[in-house]
Amino acid sequence: MAQHIARLSRQTSLLLLCDMQEKFRPTIKYFPQIIETSNKLLQVCKILDVPYVVTEQYPKGLGRTVSELDIGTVKPFEKTLFSMCTPDVTAHMKQRVK
């Protein structure tokens, strides 16, 4: 069965980077490879002007986004929910992606 796959558009696309924090480094399998792949995706987003969102789960206790992840000047959204869909992030996404 053939399926139609739509083209991605920068106007309707968004990269979500969830809780890539120092405290998770020892507990997440393949963490260095995940960071490497995330950096590649970030570079593509920057080149193609695709927006991206970064979140940090309780950064006071779990630390900030790892330094080797090149998030540029984007300010991570701090959160305490186990979801990226916090009211702040959802409102930001609605503004960015039309």
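As the structure is a computational prediction, the values presented were derived from the model and not from experiment.

Chemist: I keep staring at the pattern of salt bridges and nothing clicks. Help me out?
Modeler: It is possible for side chains bearing opposite charge to pair when their charged atoms get close. Enumeration over the complete set of coordinates arrives at eight salt bridges. One salt bridge in this structure joins R25 and E22, with 2.6 Å as the shortest N-O distance. Residues E36 and K40 are paired through a salt bridge, measuring 3.7 Å at the closest nitrogen-oxygen approach. On the criterion of helical spacing, the pair formed by E36 and K40 is a turn pair, its members being four residues apart in helix 1 (residues 31-48). Take E36: its relative accessible area is 46%, and that puts it in the partly exposed class. Look at K40 and you get exposed, because its relative accessible area is 51%.

Chemist: Explain the sheet that holds strand 3 (residues 77-79) here, please?
Modeler: Either a parallel or an antiparallel arrangement is found when strands of a sheet pair, and the pairing is made through backbone hydrogen bonds. Taken in spatial order, the three strands make up an open sheet running 1-2-3, and their pairing is parallel. Sheet topology places strand 1 (15-18) and strand 3 at the edges, where each strand pairs with a single neighbour. Averaged over all pairs of adjacent strands, the angle between their axes in this sheet comes to 25°, without regard to strand direction. Alignment of strand 2 (residues 52-57) against strand 3, held across three bridges, turns out to be parallel. Among the inter-strand pairings, Q57 is bridged to a residue of strand 3, identified as K79.

Chemist: In this structure, what is going on with helix 1? I would like to understand it.
Modeler: For an α-helix, 3.6 residues make a turn, and residues three or four places apart therefore share a direction. Here helix 1 is 18 residues long and its end C-alpha atoms lie 26 Å apart, about the 26 Å a rise of 1.5 Å per residue gives. For helix 1, the set of buried residues is F31, I35, S38, N39, L42 and C45. Looking down the long axis of helix 1, one finds its buried residues gathered within 120° of arc, a one-sided arrangement. Exposed side of helix 1, more than 90 degrees from the buried face: K40, I47 and L48 are the residues found there. Residues of helix 1 that are buried in the fold lie against strand 1 and strand 2. Positioned one or two residues after helix 1, D49 has a phi angle of 60°, which is positive.

Chemist: Would you mind showing me how to read the state of the cysteines here?
Modeler: Cysteine pairs can be covalently joined through their sulfur atoms, and such a bond is termed a disulfide. Under the counting rule described, the total for this entry stands at zero disulfides. C45 takes part in no disulfide bond, and the closest cysteine sulfur to it belongs to C18, at a distance of 16 Å. Summary of cysteine pairing: C85 is not part of a disulfide, and the nearest cysteine sulfur, belonging to C18, is at 9.4 Å.

Rules used in this analysis
- Going along each chain's sequence as written, the residues are numbered from 1 onward.
- Residues qualify for local features only when their pLDDT is at least 70, as the model is predicted, and side-chain atom pairs are given and counted only at 80 or more; totals for whole chains, interfaces and linings, by contrast, use all residues.
- Only hydrogens and water are removed before side-chain values are computed, so all heavy atoms of the structure are retained for them.
- Here, a salt bridge means any Lys or Arg side-chain nitrogen found within 4 Å of an Asp or Glu carboxyl oxygen.
- Counting from the N terminus, the helices are DSSP H or I runs at least four residues long and the strands are E runs at least two residues long.
- Each residue is assigned to one of three classes by its accessible area relative to the maximum for its type, calculated with a 1.4 Å probe on protein chains only: buried under 20%, partly exposed between the two thresholds, exposed over 50%.
- Two strands are said to pair when DSSP picks up at least two bridges between them.
- The convention used is that axes are lines fitted to C-alpha atoms, helices contributing only their stretch in contact, and that angles between N-to-C directions extend from 0 to 180 degrees.
- In this analysis, the expected span of each helix is defined as 1.5 Å times one less than the number of residues it contains.
- To be clear, the arc concerns the directions from the helix axis to the C-beta atoms.
- Two residues form a contact once any of their heavy atoms are found within 4.5 Å.
- Throughout, disulfides are identified as pairs of cysteine sulfur atoms within 2.5 Å of each other.

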